[in-house]
Each structure stands twice: as C-alpha cells, then as structure tokens.
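An overview of the molecular structure
Read off the chains here:
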Amino acid sequence: MAIPNAALQKLLQEVETQAILSQQKITQTQAELNAKRRDARLNHLTSTEIKALAKDTNVYEGVGKMFVAVPITTLTQRLASESSSLSKEMSDLEKKLHYQETTYKNSRQHIEKILQTSGRS
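Once a new chain begins, its residue numbering starts again from 1 and follows that chain's sequence as written. Confidence filtering applies because this is a predicted model: local features only for residues at pLDDT of at least 70, side-chain atom pairs given and counted only at 80 or more, and all residues used for totals across whole chains, interfaces and linings. Only heavy atoms go into the side-chain values, all of them from the structure, while hydrogens and water stay out.

Concerning the overall build of the protein
Strands are runs of DSSP state E lasting at least two residues, helices are runs of H or I lasting at least four, and both sets are numbered from the N terminus onward. Counting secondary structure elements, the protein contains two helices and two strands. The N-to-C order of helical and strand elements in the protein reads α-β-β-α. The C-alpha radius of gyration of the protein comes to 25 Å, more than 25% above the 14 Å expected for a compact globule of 121 residues. On the principal axes, the C-alpha backbone points of the protein span a range of 80 × 25 × 15 Å. Throughout, a residue-residue contact means that at least one pair of heavy atoms, one from each residue, lies within 4.5 Å. Sequence separation of 24 or more characterises 74% of the internal contacts of the protein that already satisfy a separation of 6 or more. Only C-alpha atoms enter the radius of gyration; for comparison, a globular chain is expected to reach 2.2 Å times N to the power 0.38, where N is the number of residues.

Description of the pattern of salt bridges
Whenever Lys or Arg places a side-chain nitrogen within 4 Å of a carboxyl oxygen from Asp or Glu, that contact is recorded as a salt bridge. For the coordinates displayed, the defined rule picks out five salt bridges. Glutamate 89 serves as the salt-bridge partner of lysine 36, at 2.7 Å between the closest nitrogen and oxygen. Residue lysine 36 is found in helix H1 (residues 5-51), and its partner glutamate 89 is found in helix H2 (residues 72-120); the two are separated by 53 residues along the sequence. By relative accessible area, lysine 36 is classed as partly exposed at 25%. Buried means the residue's accessible area, taken with a 1.4 Å probe over protein chains only, is under 20% of the maximum for its type, while exposed means over 50%, and partly exposed covers the values in between. Take glutamate 89: its relative accessible area is 31%, and that puts it in the partly exposed class.

What about the environment of threonine 48?
With respect to the secondary-structure elements, threonine 48 resides in helix H1. Judged by its relative accessible area of 42%, threonine 48 is partly exposed. The sequence separation of threonine 48 and threonine 76 amounts to 28 residues, and the corresponding C-alpha distance is 9.8 Å.

Thoughts on the confidence of the model for the protein
Predicted coordinates in areas of low pLDDT are best not read in detail. Each residue carries a pLDDT score, the predictor's confidence in it, ranging from 0 to 100. Of all residues in the protein, 94% attain a pLDDT of 70 or more, and the chain-wide mean is 90. Taking the mean pLDDT of every element in the protein, the minimum, 90, falls on H2 and the maximum, 94, on strand E2 (residues 66-70).

Thoughts on the side chain of glutamine 100
With respect to the helices, strands and loops of the structure, glutamine 100 is situated in helix H2. When its relative accessible area of 7% is taken as the criterion, glutamine 100 is described as buried. Among the polar contacts listed, one links the side chain of glutamine 100 to the side chain of threonine 29, at a separation of 2.8 Å. Every residue in contact with glutamine 100, bar those within four places of it in the chain, is listed here: Ser22, Lys25, Ile26 and Thr29. Within 3.5 Å is the distance limit for a polar contact, defined as a pair of N or O atoms, with the added protein rule that one can donate a hydrogen and the other accept it, and that residues adjacent in sequence qualify only through two side-chain atoms.

Structure follows, in structure tokens:
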C-alpha cells in the first residue's frame, strides 16, 4: 500500500513547518532562559554584597530616576523573594525548552521516516 507522492509531499511540508516553528520557539526560550539566568546572577551578587554590609548601613534602592532609602532587611527580603520567583521561572522555562526540543527531535525523525518511505516506493 503505497502513499501517493502528493500526499507524502503535503505531509512532509506540514512536518517541516512544525520543525521550523519548534526551532524558532527553542531559540526564543533559550534567550528568555539566558535573560533569567543573568537576572538571577545579578540578584545573587547584590544579595552577597548586601550581606557583607553592617546592619546600620544606609542602603538606597533605585525608583525611576531617584533613589529611596530602604532598610537592609526590606531589601534582603525583596531580593530573596525575587530569587525564588526567578528560580521557579527558570525551572518552568527549562521544562518548556525540553518539551520544544523533544518536539523538534520528533519532527526531524518523522521527516526522515517520510523520506525513507518515499525512497522505497
């Protein structure tokens, strides 16, 4: 039972389109993940620097074009909160990336099977 060439070609186009979309999504997700990692690294460095300060040190946080004095404990809590949310977001992005890579891999395998099938006909 041979599949007509037109049907194979249409199927091949659909799978190729899916593979291209998956590759684009992979690139976008990797960029998002890199940005989150950069933010997490900056957050960690800031936390490390703040922990090294004395408890009575004046600390300022940027708000728009000005700086506002905040207690070290408030800033430390905000950084810890941001750190945990960044960790969760990075975990979600890694899962999303794994799914997209699996989708891309499956699409490539389907393309190879279609080409092998059409080569035997």
